[in-house]
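Residue strings, one per chain:
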Amino acid sequence: MTELLITATLILVKLILIFAVVLSLAAYMVLAERKILGRMQLRYGPNRVGPFGLCQPLADVIKLLTKEDLVPARADRVMFLIAPGMASLIALLSFAVVPFSPPVTLFGREIPMVVCDLNIGLLYFLGLSSLAVYSIALGGWASNSKYALLGAIRGLAQLISYELSMGLAVVPVVLSAKSFSLTDIVLSQADWPNMVRHPVAFVIFMISVMAESKRTPFDLPEGENEIVAGYHTEYSGMRFGLFFVGEYINVIILGAMVTVLFLGGWHGPLLPPIVWFALKVLAVAFCFIWTRGTLPRLRYDQLMHFGWKFLIPVALANVLVTGAVMLAIGS
Amino acid sequence: MNLWRDIKGTLQAYAVTFGYLFRKPTTIQYPEEKRTPAPRYRARMVLTRDPDGRERCVACHLCSAACPVDCISMQAAEAPDGRRYAAWFRINFARCIFCGLCAEACPTLAIQMSPEYEICKRDPLSLVYEKEDLLIDGGGKDSDYDFYRHAGIGVANRRGGNADEYGPVDPGALVP
Ligand code: SF4
Ligand code: SF4
């Protein structure tokens, strides 16, 4: 009984910690993105609120919370109201399976530094990332606006063109780790990160992950200059904020996934594992921002073309070759 | 599809944006740092004075006629010496679009645009400037210009009775 209680408490503590860290990190990702993008465009970015603009996220939250929460006439009310919550919730849920440090021993107990070490953690992540598009589809559909609907349709079409290559890109990783558990995958990269062992898969995964996060160059669902703001055109106030935060939580979770699957998770010399993990996640997040500052948006058909005619064949060939090589060297 | 060229083109862009990260931003941090506008900058209008220190404006209404948004109004009056002046002169800067047509229309160079661009107010009514707010002490651009002397008319006597006045032009003469 006490055993159960302790385990439950531990999980709760970990959940709260992750919740707090991820949410505040997401808020500061927004600031970091605005600052980095600003510097890339020879501007300063927000620097008025607090020292170096560090209180900007707070000001943004206050602004979003005090804005009027509009529901368009003849919108599907229930759907409209829950869609933004789904966006953030699903992004947060993925964090349950991410191992961010090797188990630590506290009071003679070994505590795994992951909320729940599912043996199918990778599949859980892939499943959730497919679910994430529901918030876009439902939000766009429920808004009763043509722009929102177009954004939602684009989101769905985008999903099927990158999900496949993303799934295929992680196959070599699973092959070499011989497990779907993310902890095992990290442990299998003790000497070489998968990025070195499977460079092609890494590149494909990075590209798919950018598409998954719906940011430039794959931000078709919200292409501002064609369809206003896409699926969240009709949202205002904190509901828009939830979509927004969801996007940045997504960036963090995808950064964490890239870290776990390809960059060797917490492995690294000198620094403590958790620091390595955080550094790698932030580096991937920086790459996301960097890409946003660099590449223009792809056209709808270009994305389809790229996904179906290029990424998927390459990913398939990569799986075959990797499998064959692994058979040959018998590992 | 030239794959190599595409990859190179994509990666080069990354190098460029990364390089920009370390350049100094070109932003002017406005309230602390201010740009000095050029002397001919076209912002708030002023009313200037002639070299003798008298008001240049002769209340001819040309500026208010030229103004596309009709934001200049005035009342003409005549001084005892026969010189015209504006009894009151008002520009509503809440309506002004700073097109400069008034300054162009003015025959006496009285109304001129100045580089003072910070005229942001909370109350629109405080943007209505009266003659006292508009008048400055100097002559502004072309400060030597004096309309009455240029036109050849002194104001002490009526037209035709001044010592420095040219005689009337003979319209039949062919001499330039
Ligand atoms: S600048 Fe243009 S709009 Fe302003 S007072 Fe002169 S004529 Fe009118
Ligand atoms: S400012 Fe110039 S144009 Fe306007 S009334 Fe005076 S003299 Fe005439």
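Thresholds applied
- Residues numbered from 1 in each chain as written.
- Chains lettered and ligands numbered in written order.
- Predicted model: local features only at pLDDT ≥ 70, side-chain atom pairs only at ≥ 80, totals over all residues.
- Heavy atoms only, no water.
- Salt bridge = Lys/Arg side-chain N within 4 Å of Asp/Glu carboxyl O.
- Helix = DSSP H or I, 4+ residues; strand = E, 2+ residues; numbered from the N terminus.
- Buried < 20%, exposed > 50% of the residue type's maximum accessible area, 1.4 Å probe, protein only.
- Contact = heavy atoms within 4.5 Å.
- Buried area = accessible area lost by both parts, 1.4 Å probe.
- Nonpolar A, V, L, I, M, F, W, Y, C, P; charged D, E, K, R; others polar.
- Near = heavy atom within 4 Å.
- Polar contact = N/O pair within 3.5 Å; in protein donor to acceptor, adjacent residues only side chain to side chain.
- Pairing = 2+ DSSP bridges.
- Core = buried A, V, L, I, M, F, W, Y, C linked by side-chain atoms within 4.5 Å.

(A) Up close: the pattern of salt bridges. In this structure the tally under the stated criterion is 18 salt bridges over all chains. Two residues, Glu247 of chain A and Arg215 of chain A, come together in a salt bridge whose shortest N-O distance is 3.2 Å. In this pair, Glu247 of chain A sits in helix α11 (residues 237-262) while Arg215 of chain A sits in the loop between α9 (199-212) and α10 (224-227), placing the two residues 32 residues apart along the sequence. The exposure class assigned to Glu247 of chain A is buried, which follows from its relative accessible area of 11%. Across the pair Glu130 of chain B and Arg90 of chain B runs a salt bridge whose closest N-O atoms are separated by 2.7 Å.

(B) Inspection of the interface of chain A and chain B at higher detail. On the side of chain B, 16 residues touch chain A, which itself brings 15 residues to the contact. Taking both partners together, chain A and chain B bury about 1,600 Å²; carbon and sulfur atoms supply 62% of that area. Linking chain A to chain B there are 1 salt bridge. Arg48 of chain A is the partner of Glu32 of chain B in a salt bridge, and the nearest nitrogen-oxygen pair spans 3.0 Å. For the side of chain A that touches chain B, the secondary-structure elements that each account for two or more residues are α1 (2-40) and α12 (273-294) of chain A. Counting residues per element, the side of chain A that touches chain B draws most heavily on α12 of chain A, which supplies 5 residues. The residue makeup of the side of chain A that touches chain B, split by class, is 8 nonpolar, 4 polar and 3 charged.

(C) The site of ligand 2, seen in detail. Taken together, 13 residues are adjacent to ligand 2, and Cys57, Cys60, Cys63, Cys106 and Thr108 of chain B come closest. A class-by-class count of the residues in the shell around ligand 2 yields 11 nonpolar, 2 polar and no charged.

(D) Molecular detail of the side chain of Ser114 of chain B. All names here are of chain B. Mapped onto the elements of the fold, Ser114 is located in the loop between β4 (111-113) and β5 (128-129). In this structure Ser114 comes out as buried when scored by relative accessible area, which is 11%. A polar side-chain atom of Ser114 sits 2.7 Å from the main-chain carbonyl oxygen of Arg44. The contact partners of Ser114, leaving out residues within four places of it in the chain, are Tyr41, Arg42, Ala43, Arg44 and Val46.

(E) Structural context of the sheet that holds β5 of chain B. All names here are of chain B. Reading across from one edge, β2-β3-β5 is the order of the 3 strands in this open sheet, with antiparallel pairing throughout. Two strands bound the open sheet, and with one partner strand each, they are β2 (72-78) and β5. Alignment of strand β3 (residues 84-92) against β5, held across 2 bridges, turns out to be antiparallel. Bridge assignment links Ile91 to a residue of β5, and that residue is Tyr129.

(F) The arrangement of the nonpolar core in detail. Phe95, Val98, Leu122, Leu182, Phe205, Val258 and Leu261 of chain A are the most contacted members of the largest nonpolar core, which has 62 residues in total. Residue contributions to this core peak at 12 residues, all from α11 of chain A. With near-sequence residues (within four places) excluded, Leu122 of chain A lies in contact with Val170, Val174, Phe180, Leu182, Ile185, Met257 and Leu261 of chain A. The next biggest cluster of nonpolar side chains, apart from the first, holds 24 residues, and it includes Met45, Cys57, Ile91 and Leu127 of chain B.

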